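Residues per chain, in single letters:
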2 protein chains.
Amino acid sequence: MKMSDRKKKILQIVVDEYINTAVPVSSKSITEKHLTDVSSATVRNELASLEELGYLTQFHTSGGRVPSPQAYRFYIEELMERNDLSESDLDYIERAFNDKSRDVEHLIKSVSEVISELTDYTSVAITPHADKETIRSINLLPCGEGTALLVIMTSERILRDSFIELPENMTDDELSGASKMISQIFAGKGLAEVRDAEEEIVAEFGQYRQVMREVIEALKTYSRPREEDVVLTGADKIFNHPEYEDIENVKNFLTVISSKDKLADIIEGENDEIQINVKIGSSGDKDVPDDCSVVTATYSAGGKNLGTYGVIGPIRMDYPKVISVLENVGKALEELASGKKKDKKDSKNEQKDR
Amino acid sequence: MKMSDRKKKILQIVVDEYINTAVPVSSKSITEKHLTDVSSATVRNELASLEELGYLTQFHTSGGRVPSPQAYRFYIEELMERNDLSESDLDYIERAFNDKSRDVEHLIKSVSEVISELTDYTSVAITPHADKETIRSINLLPCGEGTALLVIMTSERILRDSFIELPENMTDDELSGASKMISQIFAGKGLAEVRDAEEEIVAEFGQYRQVMREVIEALKTYSRPREEDVVLTGADKIFNHPEYEDIENVKNFLTVISSKDKLADIIEGENDEIQINVKIGSSGDKDVPDDCSVVTATYSAGGKNLGTYGVIGPIRMDYPKVISVLENVGKALEELASGKKKDKKDSKNEQKDR
DNA sequence: CATTAGCACTTGAAGGTTGAGAGTGCTAAC
DNA sequence: GTTAGCACTCTCAACCTTCAAGTGCTAATG
């Protein structure tokens, strides 16, 4: 059955209304507030039909109707009206990113905060996956007791959280020599590439074979997002939404967000080329709770991936608002990145508008 | 009024029982399970007296009695019986710390996990405060686009999360020069000392004044614990305890733990010399929720501070278990630290037993 | 043939009643 | 000082009733 325009209109009203009020919507309320030119009986017929099509559900026969996940998807695809952010919201974004963006790790935190604050949902962010980046240089800094700090500069950022064990009696000078040598060999190679080619590389390496092996070992820890790469902000925001008066929902939610591993899986989706990605309920096979939606966006500026950001919250989410915020934050980041580069080096990035 | 031995005994029974069952305890249950040689009426008299003394409270006249915060304090001071950990728990601790303790940041995570797992409460940990440490060396690594990574080696560990902005056109060689110079001047000084002496130091510094200023600026961020220094594990564990069936309690709890700042304040107490520290309810003026207890321990080995660890949970906490776990984890850490040092350098740390 | 008025029907939420069960406080006896 | 016994209080669950909301259906209407 084809959806008539009126059906669409009614579905849109239901979703809008339910998002705003969290109360199942009745035929009467529709005719009173939005569709004053038909009677509630007519709307009832349409509602019954929409229910048959799988867009609406009722908890019990006298309780009004609630959109199904399918309805939300349709709503986002075709029905939703973008509403612009308020002046104050735009201001807030403007002021939030002045010069904090020194590196991805810091940036990610403030962006995540902004998103959570403006949307009133819990925000999750994850740094871009290091695997695809190429190594620019490798530094080994002595730090006493036979260990060294490994600092890897990649094309995109700095990785600095690994320690390696040194052979006995290695002097600082030898370490510095090894550091330079390794750096030269790895420069220009991809992180994943080095990890996988392991044996050959170590073999052709003489004196510093052990150090080399340790370095490669350390590189392996970057194949998965680390805990530090996943940022969570505003977990307590869920209590602003009535679905979380129910302890079971809170339990679900908290269980998911207390594992950074799970979080990483959830928001690190296939959203490489897609700008904004919406997962509703258990749509995917991932371990998103049935009653949650996740909206994510991957930002990049000047070819540089700036991470994936998103919100996680109830299915009854204010999608227009969330999507607006994500879009506007994205714009602001692009401007910041390209503007900054221009200031410093006269970059050739053209402004991207959508 | 002086507490008779029997009163103490009864109070102990009440606290033990309530900790285990979470159900208000009645005079009858006491005489049935523990004090079989007196009648329930006698116990009732004692209970009434204990209530008058402020150790017990009743919700309603027929609901059995519940220990007050005061009772828990007394219990911990005088009544509690330490029970040894089970073999499997000891094993678990044993296996948990093999060679993960490469540096405090990593150590803190695994220790926190162990504590949460064994106690079944949410665990919080915080790295030692950098302020008291002395600087061993300072390294500036170039990382493109006019910025440098600042790596500070202190007496205790490595701080490596700051970036500083470089003057225009500074070459890598110049940077390396500045790095060495700054390192020499700061070596041996305390972190706080350098921060506070700011102006004098900068003044007597010539060529690299701007870099210097940036370095000091960066040092300032270590005066407070950073988000990365606070680790939270097992937040979802609270649902294993019946007090958190109540949404209000969950709300309180989640609000506190979702701010790393607040968490830091809570567990970073005055427990410098005290081994184990227990805060019950709103005993202090801190922002511990009224219905929460916090038990913390600060570990050190060989004069090296290893951080503060603890659990946060309901007032009705299994103190004997928690304290045992904290003690045993502490022992294991000491052994690990001294054992390791012995392996490597034949350290002179004598084994500390208690 | 789509629309509508009208009405019976279903359901949950709120409020009240009741009885059972638990636990205490008190008193009088030992 | 201890205890048996009993009246009293309070909660909890079950049950009922009433009320309001909202629907589905039917028959009338243009």
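Structure: see above.
Treat the numbers as computed from the prediction; the structure is a model and nothing was measured. (Residues numbered from 1 in each chain as written. Chains lettered and ligands numbered in written order. Predicted model: local features only at pLDDT ≥ 70, side-chain atom pairs only at ≥ 80, totals over all residues. Heavy atoms only, no water.)

Turning to the relation of the copies chain A and chain B, a few remarks are in order. Each copy superposes on the other: chain A lies on chain B with an RMSD of 0.1 Å after a rotation of 180° and an axial shift of 0.0 Å. These values place the two chain copies in the arrangement generated by a two-fold rotation axis. Distance from the rotation axis, computed per C-alpha, reaches its smallest value in chain A at I247 of chain A: 3.0 Å. Counting the interface residues of chain A, we find that 100% of their copies in chain B are interface residues as well, pointing to one common contact surface. (Least-squares fit on C-alpha atoms with pLDDT ≥ 70 in both. Contact = heavy atoms within 4.5 Å.)

Another point: the protein's contact with DNA strand D. Taken together, 20 residues sit near DNA strand D, with S27 and R65 of chain A together with R6, S39 and T42 of chain B positioned nearest. Backbone atoms, meaning sugar plus phosphate, form 78% of the atoms of DNA strand D positioned within 4 Å of the protein. Between DNA strand D and R6 of chain B there is a distance of 2.9 Å, counted from a phosphate oxygen to a side-chain nitrogen or oxygen. A distance of 3.2 Å separates a base oxygen of DNA strand D from a polar side-chain atom of S62 of chain B. The biggest single contributor to the surface near DNA strand D is helix 3 (residues 40-52) of chain B, with 4 residues. (Near = heavy atom within 4 Å. Polar contact = N/O pair within 3.5 Å; in protein donor to acceptor, adjacent residues only side chain to side chain. Helix = DSSP H or I, 4+ residues; strand = E, 2+ residues; numbered from the N terminus.)

All names here are of chain A. Spatially, 5 strands are ordered 7-3-10-9-8 in an open sheet, and the strand pairing comes out antiparallel. Either end of the sheet is taken by a strand with one partner, and the two such strands are strand 7 (230-233) and strand 8 (276-280). Looking at each pair of strands side by side, their axes are set apart by 20° on average, direction ignored. Sheet topology places strand 3 (residues 122-126) next to strand 10 (residues 304-314); 5 bridges connect them, and they run antiparallel. Looking across to strand 10, one finds that I126 is bridged to T308. Along the sheet, helix 11 (residues 260-267) makes contact with strand 3, strand 7, strand 8, strand 9 (292-301) and strand 10, crossing strand 3 at roughly 80°. (Pairing = 2+ DSSP bridges. Axes fitted to C-alpha atoms, helices over the stretch in contact; angles between N-to-C directions.)

Grouped burial of nonpolar side chains is what soluble globular proteins tend to show. All names here are of chain A. L11, I30, F97, V295, Y319 and V329 are the most contacted members of the largest nonpolar core, which has 57 residues in total. Tallying contributions element by element places helix 12 (residues 319-345) first for this core, with 9 residues. Not counting residues within four places of it along the chain, the set of residues in contact with V329 comprises I93, F97, V111, V114, I115 and Y299. (Core = buried A, V, L, I, M, F, W, Y, C linked by side-chain atoms within 4.5 Å. Buried < 20%, exposed > 50% of the residue type's maximum accessible area, 1.4 Å probe, protein only.)

This part covers the interface of chain A and chain B. Tallying the contact residues gives 37 residues for chain A and 37 residues for chain B. Regarding the contact of chain A and chain B, the summed buried area is about 3500 Å², with carbon and sulfur atoms giving 61% of it. Across the chain A-chain B interface, the total number found is 4 salt bridges. For D161 of chain B, the salt bridge identified is with R160 of chain A, shortest N-O distance 3.4 Å. In this structure, the connection of chain A to chain B is made through 5 residue pairs in polar contact (both at pLDDT 80 or more). Elements with a contribution of two residues or more to the side of chain A that touches chain B: helix 6 (104-119), strand 4 (135-142), strand 5 (147-154), strand 6 (158-165), helix 10 (247-257) and helix 12 of chain A. The greatest single-element share of the side of chain A that touches chain B, amounting to 6 residues, is contributed by strand 6 of chain A. Here the residues of the side of chain A that touches chain B are counted per class, giving 15 nonpolar, 5 polar and 17 charged. (Buried area = accessible area lost by both parts, 1.4 Å probe. Salt bridge = Lys/Arg side-chain N within 4 Å of Asp/Glu carboxyl O. Nonpolar A, V, L, I, M, F, W, Y, C, P; charged D, E, K, R; others polar.)

Residue and element names in this part refer to chain A. In space, the 3 strands of this open sheet follow the order 4-5-6, with antiparallel pairing throughout. Unpaired on one side and paired on the other, strand 4 and strand 6 mark the two borders of the sheet. Neighbour-to-neighbour, the strand axes of the sheet open up by a mean angle of 25°, direction not taken into account. In this fold helix 7 (residues 172-186) packs onto strand 4 and strand 5, with an angle of close to 170° to the strand it touches most, strand 4.

Time to look at unusual backbone geometry. All names here are of chain A. Despite not being glycine, D120 has its phi angle at roughly 70°, a positive value. As for its placement among the helices and strands, D120 is situated in the loop between helix 6 and strand 3. Of the residues examined, D120 reaches a relative accessible area of 25% and is grouped as partly exposed.

All names here are of chain B. Summarising burial for strand 3 (residues 122-126): 5 of the 5 residues are buried, a large majority. Covered by surrounding structure in strand 3 are T122, V124 and I126 together with S123 and A125, the residues of both alternating faces. Pairing geometry for strand 3 and strand 7 (residues 230-233), over 4 bridges, is antiparallel. Bridge pairing links I126 to V230 in strand 7.

Taken together, 20 residues are adjacent to DNA strand C, and R6 and T42 of chain A together with S27, R44 and R65 of chain B come closest. Sugar and phosphate atoms represent 77% of those atoms of DNA strand C found within 4 Å of the protein. In this structure, a phosphate oxygen belonging to DNA strand C sits 2.6 Å away from a side-chain N or O atom of S27 of chain B. A distance of 2.8 Å separates a phosphate oxygen of DNA strand C from a polar side-chain atom of R65 of chain B. The dominant element in the surface near DNA strand C, judged by the number of residues it contributes, is helix 3 (residues 40-52) of chain A, at 4 residues. Tallied by class, the residues present in the surface near DNA strand C amount to 3 nonpolar, 12 polar and 5 charged.

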